[in-house]
Amino acid sequence: MTTTELLQIDPSELRFVFELKKQSSCLIQLGNNNDHYIAFKVKTTSPKKYCVRPNIGLIKPNEKCDFTVTMQAQRTAPPDMNCKDKFLILSTVVPFGTTDDDITSDMFVKDSGKYIEEKKLKVVLISPPSSPVLLPVNGDVKQDPSYQINALKDRVISGIENVPPPPLRASVEVKGLEPVMDMGENKTDGNNDVRHAENESDMKPTIADDVQLNLAKGCEELKSRLCLMDTKLREAEVAVMKLNEEKRTYNKEKDMLKKELEALKRRSNTKVQQGFPLLFVCMVAIVGVAVGYYIQP
């Protein structure tokens, strides 16, 4: 394999303007000055702290490709603004005609006869400029048109602490450290996620207000449901009491009917025993007729 570098990286380090509870982004450009198709992959020692879009890709001959690294909002500053995080850019030659969808993590595993170029980038933290309107990109200061809108929002919601956005799912990895899912397979959604991350700080107050409103509505709904359930429970208790009373009345009536039936049976047995049976009367009558017939001359 030729000793010519596969990729030209500009800049050679990642520079972030560090502010507490604020995100910061850095743009890295990769250039392919060779006549081969070059696949690249980005890893980091702190995958939960950074988000890379895209972290895997393809660069055609004599073309360039950019990727953006976003540092999540941090609650504490490192000592002396000294950051020990590192980034690793892996690159390798792939066959002519390879597409972005064909790139997988297996391409960057070192095996026999396969050349993998590795370049390490360190992270440099820069103190924020004096004017809050200026936002850095790779160390260059640029005007942020949304600053006045954000300032107005901060005045309106004064007294409410800004809720930091939830950390984005880590999209980079480093060899020997915890891996993360490759984001190269879903590049279309990646651009939307980047725009969402850039505007997320503007949405913090609205999200907090929406959460409070949703909690208030949920509490009211729960209270109404509890009242309704309590009313139904009381109605059920009254119905059970009525059923128990009806059951006791039914049992009393049943006992009374049994007693009356037993009394009627006793009375009928007594009447039968006091009278003469019909057969006995008939036999007496026949005997009397026969005796009378023989007695007469």
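Keep in mind the model is a prediction, meaning the values are calculated, not measured.

(A) Inspection of the sheet that holds strand S3 (residues 24-31) at higher detail. Taken together, four strands build an open sheet; the order of strands is S1-S3-S7-S5 and the sheet is antiparallel. Among the strands making up the open sheet, the edge pair consists of strand S1 (8-10) and strand S5 (50-53). In this sheet, adjacent strand axes meet at a mean angle of 25 degrees when their direction is disregarded. As defined by bridge partners, S5 adjoins strand S7 (residues 64-71) across four bridges and the pair is classed as antiparallel. For Tyr-50, the partnering residue across the bridge sits in S7 and is Met-71.

(B) Fine view of the pairing of strand S9 (residues 117-126). Residues of S9 alternate between two faces, with Glu-117, Lys-119, Leu-121, Val-123 and Leu-125 buried on one and Glu-118, Lys-120, Lys-122, Val-124 and Ile-126 left unburied on the opposite face. As judged from the four bridges shared by strand S2 (residues 14-17) and S9, these two strands associate in the parallel manner. Bridging across to S9, Val-17 finds its partner in Ile-126. Here strand S8 (residues 86-94) pairs with S9 via six bridges, running antiparallel. Directly across from Ile-89, in S9, lies its bridge partner Lys-119.

(C) Focus on the pairing of S8. Within S8, seven of the nine residues are buried, leaving the element largely enclosed by the surrounding structure. Pairing of strand S4 (residues 37-44) with S8, which is carried by eight bridges, proceeds in the antiparallel orientation. The residue of S8 that forms the bridge with Lys-41 is Leu-90.

(D) A look at unusual backbone geometry. Residue Pro-11 is reached from Asp-10 by a cis peptide bond, and omega for that bond is 0 degrees. Among the structural elements, Pro-11 can be located in the loop between S1 and S2. Here the residue pair Arg-53 and Pro-54 is connected by a cis peptide bond, since its omega of -15 degrees sits within 30 degrees of zero. Note that Pro-54 resides in the loop between S5 and strand S6 (56-59). The residue Asn-62 is not glycine, and still its phi comes out positive at about 60 degrees. By the element assignment, Asn-62 lies in the loop between S6 and S7.

Here is what the cut-offs are and how they apply
- Residues numbered from 1 in each chain as written.
- Predicted model: local features only at pLDDT ≥ 70, side-chain atom pairs only at ≥ 80, totals over all residues.
- Heavy atoms only, no water.
- Pairing = 2+ DSSP bridges.
- Helix = DSSP H or I, 4+ residues; strand = E, 2+ residues; numbered from the N terminus.
- Axes fitted to C-alpha atoms, helices over the stretch in contact; angles between N-to-C directions.
- Buried < 20%, exposed > 50% of the residue type's maximum accessible area, 1.4 Å probe, protein only.

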